Amino acid sequence: MAKAEAAVRIVREIAAVGAADLAAAAEPLRSDCLRLARKVSLFSHLVAEVAEAGAGDAAAAAWVEELFRALQAARRFVELGRAPARAAGASDQDAICNNVAIQFKFVTWQLQAVLASLPQSCIQISDEVQEEVDLVRAQLQREMEKKGNLDVNIFSKIHDILALHVDSAGSQSEQSHGQPEIPQMENLCNGHLELQNIVKLVSEISGVPKSDAESLTSKLTEGLEDMTVANFTKPVNVVSQSSDEIKGSPETHKKSDSVAIPEDFRCPISLELMRDPVIVSTGQTYERAFIQRWIDCGNRTCPKTQQKLQNLTLTPNYALRSLILQWCEEKGIKLPTRSKNDGSSIEVGGERVAIETLVRNLSSCSLDERKSAAAEIRSLAKKSTDNRILLAESSAIPALVKLLSSKDLKTQEHAVTSLLNLSIYDQNKELIVVAGAIVPIIQVLRKGGMEARENAAAAIFSLSLIDDNKITIGSTPGAIEALVELLQSGSPRGRKDAATALFNLCIYKGNKVRAVRAGILAPLIHMLQDSSRNGAVDEALAILSVLVSHHECKTAIAKAHAIPFLIDLLRSSQARNKENAAAILLALCKRDAENLACIGRLGAQIPLTELAKTGTDRAKRKATSLLEHLSKLQVL
């Protein structure tokens, strides 16, 4: 879908915005833009999977359109921060701050609303991305509440009318379905001028042309004023319990809502008061449950700073916890406790005996019982870290490994997917390998049903995140060959999972040659030419960039006639692909006059010269270096 691919580009553009880009912005706009950019960057995996899925039904297309509009609004808000600041008096500054708060809150509301309305029945996303969606949605909800008292029902009404204005068919009106119920806030819209200002600001950030804005604002204001004050003062339920968050008792909420929580006491992810603060390797502090879930989703960066985590150790911040306890005691606030409905508890009651019964059923004489137990464990293992820990402690892993050899393909699929979900928790990765899972997972990868093969490849990727496992998996007979076969002839999802696993395995030097000897270059060259599958070129370039650092692989890449296709990418590809193609060409040509002469004969000078002027910083360096090598060759 074109809109999905456009959404991918917008997310990348917003995520790339940093403090230097917002140097001219005044507060609070600068801080709001930075926070928004960090949150939008967390959409990257979601939009990538949606774009990868391709065209869906009408409901999927409508949701993608809504996502696109929300991201466009976010981009417009960030652009406000990049524009030169205007001088303003004290009274004008107060008005500007109020306007920024309204627009920021609308953009935040629109993003969390589109996440809430994700049609899971027609847009399939991975469990890991679903967990990220839940986290980001909870974070956006907290950001809205933090921003002040505005009635978000006004936003909903304005949004629906604007959607009809943008799309005369009105297909987007269903977006309001499934939106989260939000605690009623103080009504800010009693006055005509205040309401008119909100409508004007929301229309502006929604991209309504100035020529239409005045008449549309008048129409919107008239429509909204027909709504009585009673419509805004009806009781509204508390935020849906299904979101993953930390909650206290109603009494605790009443007390904490009336007291401003110090920023240092809030978790940067949930924006809630922390009960178990832990420090990550970057020095930032988070609530343990939320940072653990972030890590379990496969993220290896600090959410706040975006720096790479040097390790995954979570160190208790006893000093901060002591300060939080002291503050709570002074304010008469009890520390919140985990909600029973926050997604971390076991659906079967949380009792270990129930889990142990499921695990025993994995070894039942009845095929139906084995299949049912494996399916139930598959579901439990994808829901929370607590479930993954409890299942591992109940010896589910060895029993699931045995089921990988089941002749029933559905049972086999449930077993390998359960192991994949269990492996999200890092400590389980070692347990799975020790249980002897690698060889039977490879067998599933070779001979299972397509979904089982996809999940087997994903499991190999997950396990290979541990460096020692890269060696173990790579040296297992048939492992890399099975991944190459899936890369060549699997489903779109299977090819993507295989590419990801192969890339990670090939980080280890010994696996590079194994992959080349297993025939990986043929499908990679095909992927370089495959513009029909979103992400195929990216994946191929990523793997080639790892392989080219090995001398034998470098020779094989040149013999596979990759150079002409890499030069074609310099002429017509996206900026990132041009950068990677240039880097691979440079590696191929270093200390290799034959390859250098080849790119000269194929006319690489023109696209390289253009790239040296207009590419990314890295692309410019690579292109300039290649041009210097070509110049020396011509002199000789």
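Residues numbered from 1 in each chain as written. Predicted model: local features only at pLDDT ≥ 70, side-chain atom pairs only at ≥ 80, totals over all residues. Heavy atoms only, no water.

Observations regarding the environment of Asp296
Considering the arrangement of structural elements, one finds Asp296 in helix H12 (residues 288-296). Taking the C-alpha atoms as reference points, Asp296 and Glu132, 164 residues apart in sequence, are found 9.7 Å from one another. Apart from the residues within four sequence positions on either side, Asp296 is in contact with Thr385, Arg388, Ile424 and Tyr425. (Helix = DSSP H or I, 4+ residues; strand = E, 2+ residues; numbered from the N terminus. Contact = heavy atoms within 4.5 Å.)

Some thoughts on the side chain of Asn469
You can see Asn469 is positioned in helix H22 (residues 467-474). For Asn469, the side chain forms a polar contact with the main-chain oxygen of Leu463, separated by 2.9 Å. Excluding anything up to four places from it in sequence, Asn469 contacts Lys429, Val433, Leu463 and Ser464. (Polar contact = N/O pair within 3.5 Å; in protein donor to acceptor, adjacent residues only side chain to side chain.)

What to know about the packing of aromatic side chains
Going through the model one piece at a time under the given rule, you end up with three aromatic pairs. On the numbers, 5.6 Å between centres and 50 degrees between planes, the contact of Phe77 with Phe104 is tilted. Taken as a pair, Phe77 in helix H4 (residues 58-82) and Phe104 in helix H5 (residues 90-116) lie far apart in primary sequence, 27 residues in all. In this structure Phe77 comes out as buried when scored by relative accessible area, which is 0%. (Phe/Tyr/Trp six-rings, centres within 6.5 Å; stacked < 30°, edge-to-face > 60°. Buried < 20%, exposed > 50% of the residue type's maximum accessible area, 1.4 Å probe, protein only.)

So, the packing of helix H25 (residues 509-517) against helix H28 (residues 551-559)
Their axes nearest at 9 Å, the elements H25 and H28 cross at an angle of 30 degrees. As the angle between them shows, H25 and H28 are arranged roughly parallel. Handedness of the H25/H28 crossing: left-handed. Between H25 and H28, the residues in contact are Lys512, Val513, Val516 and Arg517 and Glu552, Cys553 and Ala556, respectively. Of the residues contributing to the contact of H25 with H28, the split by class is four nonpolar, no polar and three charged. (Axes fitted to C-alpha atoms, helices over the stretch in contact; angles between N-to-C directions. Parallel < 35°, antiparallel > 145°, perpendicular 65-115°, else oblique. Left-handed = near helix turned anticlockwise from the far one by under 90°. Nonpolar A, V, L, I, M, F, W, Y, C, P; charged D, E, K, R; others polar.)

Re the sheet that holds strand E4 (residues 315-316)
Pairing is antiparallel across the open sheet formed by three strands, whose spatial order is E3-E2-E4. Since the sheet does not close on itself, it has two edges, and those belong to strand E3 (285-287) and E4, each with one partner. Relative to E3, strand E2 (residues 277-279) runs antiparallel, the two sharing three bridges. Bridging from a neighbouring strand, Ile279 pairs with Thr285 of E3. Packed on one face of the sheet, H12 meets E2, E3 and E4 and runs near 95 degrees to E3. (Pairing = 2+ DSSP bridges.)

Some thoughts on unusual backbone geometry
Phi at Ser395 takes a positive value of approximately 65 degrees, unusual for a residue other than glycine. According to the relative accessible area criterion, Ser395 is partly exposed, its value standing at 44%. Not every positive phi belongs to a glycine, and His561 is a case in point at roughly 60 degrees. Of note, His561 is situated in the loop between H28 and helix H29 (563-572).

Structural notes on the nonpolar core
Counting 95 residues, the largest nonpolar core has Ile520, Leu524, Leu547 and Ile599 as its most contacted members. No other element matches the eight residues that helix H27 (residues 536-547) contributes to this core. Here Ile599 is in contact with Ile563, Ile567, Leu585, Cys589, Ala604, Gln605, Leu626 and Leu630, once residues within four sequence places are set aside. (Core = buried A, V, L, I, M, F, W, Y, C linked by side-chain atoms within 4.5 Å.)

Quick notes on the side chain of Glu413
Residue position: Glu413 is located in helix H18 (residues 409-422). You can call Glu413 buried: its relative accessible area is 8%. Aside from chain neighbours lying at most four places away, what touches Glu413 is Arg378, Glu451 and Ala452.

Quick look at the packing of helix H2 (residues 29-41) against H4
Remark: H2 packs on H4, axes separated minimally by 9 Å, with the N-to-C direction vectors making an angle of 145 degrees. Every pair of crossing elements has a handedness; the one defined by H2 and H4 is left-handed. Listed contacts from H4 to Leu29, Asp32, Cys33, Leu36 and Val40 of H2 are Leu71, Ala74, Phe77, Val78, Leu80 and Gly81. Its residues assigned to classes, the contact of H2 with H4 shows nine nonpolar, one polar and one charged.

Quick notes on the state of the cysteines
Applying the stated criterion across every chain, the model contains zero disulfides. Here Cys589 stays unpaired: no disulfide links it, and the sulfur of Cys598, its closest cysteine neighbor, is 8.0 Å away. Residue classification places Cys589 among the buried positions, given a relative accessible area of 3%. (Disulfide = S-S within 2.5 Å.)

Quick word on helix H31 (residues 593-601)
Among the residues of H31, those classed as buried are Asn595, Leu596, Cys598 and Ile599. Down the axis of H31, the smallest arc covering the buried residues is 155 degrees, so these residues share one side. In H31, the exposed positions angled more than 90 degrees off the buried face are occupied by Ala593, Glu594 and Arg601. Two residues or fewer after H31 comes Gly603, characterised by a positive phi angle close to 75 degrees. (Arc of directions from axis to C-beta.)

Quick notes on the pattern of salt bridges
Side-chain pairs of opposite charge can arise where the charged atoms are in close proximity. Applying the stated rule across the entire model yields 20 salt bridges. Here Arg378 ties to Glu413 by a salt bridge, and the two come within 2.9 Å at their closest N and O atoms. Taken together, the positions of Arg378 in helix H15 (residues 367-381) and Glu413 in helix H18 put the pair 35 residues apart, joining distant regions of the chain. Like Arg378, the residue Glu413 is buried in the burial classification. Where Glu413 meets Lys410, a salt bridge forms, and the shortest distance between an N and an O atom there is 3.2 Å. Residue Glu413 and its partner Lys410 are both found in helix H18; the two are separated by three residues, about one turn of the helix. (Salt bridge = Lys/Arg side-chain N within 4 Å of Asp/Glu carboxyl O.)

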